[in-house]
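Structure at a glance
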Amino acid sequence: MVERRSQEYGEFQLACRQRSERRINRDFEPLAETDAYRIAGAFEIAGSVGFHLNVNDRISSPTCQMTEKRQDVLEAFSVLYGGRTKPRGKSYRWIVGGRDAARIGEACMNTAPSRREMFEHFDDWANADTHAERYRIGSELPTSYRSPVAIGEYRRLLANPYFFAGVFDARGTDCSSEKERGNGNVFTEHAINIATTNVQLLAALNEILGGTVQIRGGENSYGKSIN
């Protein structure tokens, strides 16, 4: 009787594992091209992309996350791309993991060049056959890893308005201020500012739109006045 129950329990465990494997490897609906360009721009300028590792259980999960002060932007991302948004100090954090993160990686493989190698690992994870293989794939690159990107590649991507929209969604701010001309007339000066550690992307913005690039508060900043 004990031997029979042990066998039944073993079969039950095997069935659970097989269901888990099938669930992880199922197909998922691809992102629309416009949504893919938008989130690619956002992750090129900000956020982090990598694997969450549970070392004790040897489980890995692709993870994309972003922390910003504008809750409405992150809530919009959670509606379009999955995941959840929650308060984090004076800001908000959006985090998406597992299959939804792999879906983002598949869509952005060719539109988020500094994240390309990490997204290739997401794809390998999604197509792996076992938990052990997925854990190995998740352990290969540090979460902060970025591939080097030429300025020309960013110039090409910035020609797509949805990519630029993602850049501005994640790190763009617009402001206006009252200025006085030499003749005493007052006018309103409008400006945009984008701050990031991605120097190559800022340089491409500077080549296309003009403006200035400077170090500000330990982070690289792009600014452009629009009158």
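Residues numbered from 1 in each chain as written. Predicted model: local features only at pLDDT ≥ 70, side-chain atom pairs only at ≥ 80, totals over all residues. Heavy atoms only, no water.

A side chain of one charge can pair with a side chain of the opposite charge if their charged atoms are brought near each other. Applying the stated rule across the entire model yields seven salt bridges. With a closest N to O distance of 3.2 Å, Arg171 and Glu68 form a salt bridge. Of this pair, Arg171 sits in helix 8 (residues 161-171) while Glu68 sits in strand 2 (residues 59-68), and the two are 103 residues apart along the sequence. Among the salt bridges present, the one from Arg156 reaches Glu153, with a minimum N-O distance of 3.8 Å. You can see Arg156 and its partner Glu153 sitting in helix 7 (residues 151-158), three residues apart, about one turn around the helix. Since its relative accessible area comes to 48%, Arg156 is described here as partly exposed. (Salt bridge = Lys/Arg side-chain N within 4 Å of Asp/Glu carboxyl O. Helix = DSSP H or I, 4+ residues; strand = E, 2+ residues; numbered from the N terminus. Buried < 20%, exposed > 50% of the residue type's maximum accessible area, 1.4 Å probe, protein only.)

The next thing to look at is the layout of surface pockets. A volume near 170 Å³ is recorded for the largest pocket. Lining the largest pocket are Glu68, Lys69, Arg70, Ala170, Arg171, Gly172, Thr173, Asn193 and Ala195. Of all the secondary structure elements, the ones that give two or more residues to the lining of the largest pocket are helix 8, strand 5 (172-180) and strand 6 (186-196). Across the lining of the largest pocket, the residue classes break down as two nonpolar, three polar and four charged. (1 Å grid on protein atoms, 1.4 Å probe; cavity = no way out; pocket = protein on both sides within 12 Å on 5 of 7 lines; lining within 4 Å. Points joined across faces, edges and corners; volume = space filled by probe spheres on them. Nonpolar A, V, L, I, M, F, W, Y, C, P; charged D, E, K, R; others polar.)

An order of 1-2-4-3 is seen for the four strands of this open sheet, with the pairing classed as antiparallel. Looking at which strands have only one partner, the edges of the open sheet turn out to be strand 1 (48-54) and strand 3 (84-88). On average, each strand axis in the sheet is tilted by 35 degrees relative to the strand beside it, whichever way the strands run. With five bridges joining them, strand 3 and strand 4 (residues 91-97) adopt antiparallel strand pairing. Counterpart to Lys86 in the pairing with strand 4 is Arg93. Sheet contacts for helix 4 (residues 98-107): strand 2 and strand 4; angle to strand 4, the most-contacted strand, approximately 90 degrees. (Pairing = 2+ DSSP bridges. Axes fitted to C-alpha atoms, helices over the stretch in contact; angles between N-to-C directions. Contact = heavy atoms within 4.5 Å.)

Across the interface, helix 2 (residues 33-45) lies against helix 3 (residues 71-81) with an axial gap of 12 Å and an inter-helix angle of 135 degrees. With respect to each other, helix 2 and helix 3 are oriented oblique. Here the hand of the crossing between helix 2 and helix 3 comes out left-handed. In this structure, helix 2 uses Asp35, Arg38, Ile39 and Ala42 to contact helix 3, whose residues at the interface are Ala76, Phe77, Leu80 and Tyr81. Considering only residue class, the contact of helix 2 with helix 3 consists of six nonpolar, no polar and two charged. (Parallel < 35°, antiparallel > 145°, perpendicular 65-115°, else oblique. Left-handed = near helix turned anticlockwise from the far one by under 90°.)

The next subject is the packing of aromatic side chains. For the structure on display, the rule yields seven aromatic pairs. Seen in terms of ring centroids, Phe119 and Phe122 are 5.5 Å apart; in terms of plane orientation they differ by 65 degrees. Their pairing is edge-to-face. Within this pair, Phe119 and its partner Phe122 are both found in helix 5 (residues 116-127), separated by three residues, close to a single helical turn. The class for Phe122 is buried, based on a relative accessible area of 0%. Put simply, the rings of Phe43, Phe77, Tyr81 and Trp94 pair up and form one aromatic cluster. (Phe/Tyr/Trp six-rings, centres within 6.5 Å; stacked < 30°, edge-to-face > 60°.)

Time to look at the nonpolar core. Most often, soluble globular proteins keep nonpolar side chains buried together rather than apart. Within the largest apolar cluster, 46 residues are counted, with the highest numbers of intra-cluster contacts made by Ile39, Cys64, Phe77, Trp94, Ile104, Phe119 and Phe163. Per-element tally for this core: the top contributor is helix 2, with six residues. Those residues in contact with Phe119, other than ones at most four positions away along the chain, are Val49, Cys64, Ile104, Gly105, Cys108, Met109 and Ala112. (Core = buried A, V, L, I, M, F, W, Y, C linked by side-chain atoms within 4.5 Å.)

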